[in-house]
Amino acid sequence: MGNLLKVLTCTDLEQEPNFFLDFENAQPTDAEREVWEQVDVVLKDAKGILDELQAYKGAGQEIREAIQNPSDERLQEQAWAAVVPLVGRLKKFYEFSQRLEAALHSLLRALTSETYDDPTQHLEREQALAKQFAEILHFTLRFDELKMTNPAIQNDFSYYRRTLSRMRINNVPTDCENEVNNELANRISLFYADATPMLKALSDGTTKFVSENKNLPIENTTDCLSTMASVCKVMLETPEYRSRFASEETVSFCLRVMVGVIILYDYVHPVGAFAKSSKIDMKGCIKVLKDQPPNSVEGLLNALRYTTKHLNDESTNKTIKSMLQ
């Protein structure tokens, strides 16, 4: 209870971490290597997942024709043949979310351990792990941006489930039942029903990490998140740091990571990111976002508006609410 009170009442924003986190070149030290290698195996597949999702066109036309001509067996078979491989891909994305959650747990275990006195030391001295944590957040927000603009995903999966159910009733044999059984189909369906499925998986995973590690003070986790948000903000608003980015893409990476950790913090912290006692300088973070070219950050501002948990709480500062309107 003492830990929880400390988290609820701490408002120390004066001591913002002031160091350069090398998102472009950080390499693992010997102490980081074991965890880094475990997480690297997962992250190596992340780009391929995003490429597959970006290329996902869906079976909309085949499904429409099959529904409009229910007695035409050929069209039914064509729609089924188009949907089955797509469902295999959706299953792969869902399974990747579980691998990502396990990787996040490994990183949180390392970055919240008692090895160092505070989260600033962890992030400064374990930069390769901090970079991987950032890459997970970057992937998560990018995945959800792509999913949100692709209604075919849920349409394809709904059609697959309806058709499978009908085939069962009519005792029609199907080869792919083994691939997505009913229980797995329910879990996949719930996953895609969320507007931001990957972020929800990460938020749930972080909450689970906190509840499973009761011997670890909750602020070890929330402070790790708030420190990462502060590091990103400071690097973006400090010309000396920003000029050290070799690529302009690192700016958008940094912005996305900052928003990702704010959302995670808002889910895990008992009163969220927008309360007076929050360790995240929300006004400063929103200002940094609004200082960028508008078309480049609208998606990130929308993520704060619509995917956080506590923005609309009565305790949220009116200035912050108006900044996000």
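Rules and cut-offs
- Residues numbered from 1 in each chain as written.
- Predicted model: local features only at pLDDT ≥ 70, side-chain atom pairs only at ≥ 80, totals over all residues.
- Heavy atoms only, no water.
- Buried < 20%, exposed > 50% of the residue type's maximum accessible area, 1.4 Å probe, protein only.
- Helix = DSSP H or I, 4+ residues; strand = E, 2+ residues; numbered from the N terminus.
- Arc of directions from axis to C-beta.
- Contact = heavy atoms within 4.5 Å.
- Salt bridge = Lys/Arg side-chain N within 4 Å of Asp/Glu carboxyl O.
- Core = buried A, V, L, I, M, F, W, Y, C linked by side-chain atoms within 4.5 Å.
- Phe/Tyr/Trp six-rings, centres within 6.5 Å; stacked < 30°, edge-to-face > 60°.
- Expected span 1.5 Å × (residues − 1).
- 1 Å grid on protein atoms, 1.4 Å probe; cavity = no way out; pocket = protein on both sides within 12 Å on 5 of 7 lines; lining within 4 Å.
- Points joined across faces, edges and corners; volume = space filled by probe spheres on them.
- Nonpolar A, V, L, I, M, F, W, Y, C, P; charged D, E, K, R; others polar.

J.: Could you give an account of helix H3 (residues 46-54), naming the residues involved and the relevant values?
T.: If you check which residues of H3 are buried, you get Ala-46, Ile-49, Leu-50 and Leu-53. Around the axis of H3, the buried residues are gathered within 95° of arc, so they sit on the same side. Close packing links the buried residues of H3 with helix H2 (33-43), helix H5 (73-111), helix H7 (127-148) and helix H8 (152-169).

J.: How would you explain the pattern of salt bridges if you had to name every residue and give the values?
T.: Pairs may arise between side chains of opposite charge once their charged atoms sit close together. Scanning all chains against the criterion turns up 17 salt bridges. The residue Lys-44 makes a salt bridge to Asp-40 at a minimum N-O spacing of 3.1 Å. For Lys-44, a relative accessible area of 64% corresponds to the exposed category. Residue Arg-256 pairs with Glu-145 through a salt bridge whose shortest N-O separation is 3.0 Å. In this pair, Arg-256 is assigned in helix H13 (residues 249-268) and Glu-145 in helix H7, connecting sequence segments 111 residues apart. Judged by relative accessible area, which is 14%, Arg-256 ranks as buried.

J.: Could you give an account of the nonpolar core, with specific residues and numbers?
T.: Phe-133 and Met-228 are the most contacted members of the largest nonpolar core, which has 103 residues in total. Top element by residues in this core is H5. It accounts for 17 residues. With sequence-adjacent residues up to four places away left out, Phe-133 is seen in contact with Leu-104, Leu-107, Leu-108, Leu-111, Leu-225, Met-228, Val-261 and Leu-264.

J.: Run through the packing of aromatic side chains, naming residues and quoting values.
T.: A complete count under the given rule lists 8 aromatic pairs for this structure. A ring pair is formed by Phe-93 and Phe-143, whose centres lie 6.0 Å apart and whose planes are at 85°; its orientation type is edge-to-face. On the criterion of sequence distance, the pair formed by Phe-93 in helix H5 and Phe-143 in helix H7 is long-range, its members being 50 residues apart. Residue classification places Phe-143 among the buried residues on the basis of a relative accessible area of 0%. On the numbers, 5.9 Å between centres and 40° between planes, the contact of Phe-139 with Phe-143 is tilted. On the criterion of helical spacing, the pair formed by Phe-139 and Phe-143 is a turn pair, its members being 4 residues apart in helix H7. Counting every residue linked through ring pairs, the aromatic cluster contains Phe-93, Phe-96, Phe-139 and Phe-143.

J.: So what's going on with the environment of Thr-250? Residues and values would help.
T.: Position of Thr-250 relative to the elements: it lies in helix H13. Note: C-alpha distance between Thr-250 and Glu-24 (226 residues apart in sequence) is 7.4 Å. When neighbours within four sequence positions are excluded, Thr-250 is seen to be in contact with Phe-23, Glu-24 and Phe-245.

J.: Tell me about helix H11 (residues 218-237), and name the residues and values.
T.: If you check H11, its first and last C-alpha atoms are 29 Å apart, about what 20 residues at 1.5 Å a residue would give, namely 28 Å. In terms of burial, H11 is a largely internal element, 19 of the 20 residues being buried.

J.: Go over the layout of surface pockets, please, and point to the residues and values.
T.: Taken as a whole, the second largest pocket holds about 460 Å³ of empty space. Forming the boundary of the second largest pocket are 16 residues, of which Glu-135, His-138, Phe-139, Glu-249 and Phe-253 lie nearest the centre. Among the secondary structure elements, those contributing two or more residues to the lining of the second largest pocket are H3, H7 and H13. Of the residues contributing to the lining of the second largest pocket, the split by class is 6 nonpolar, 3 polar and 7 charged.

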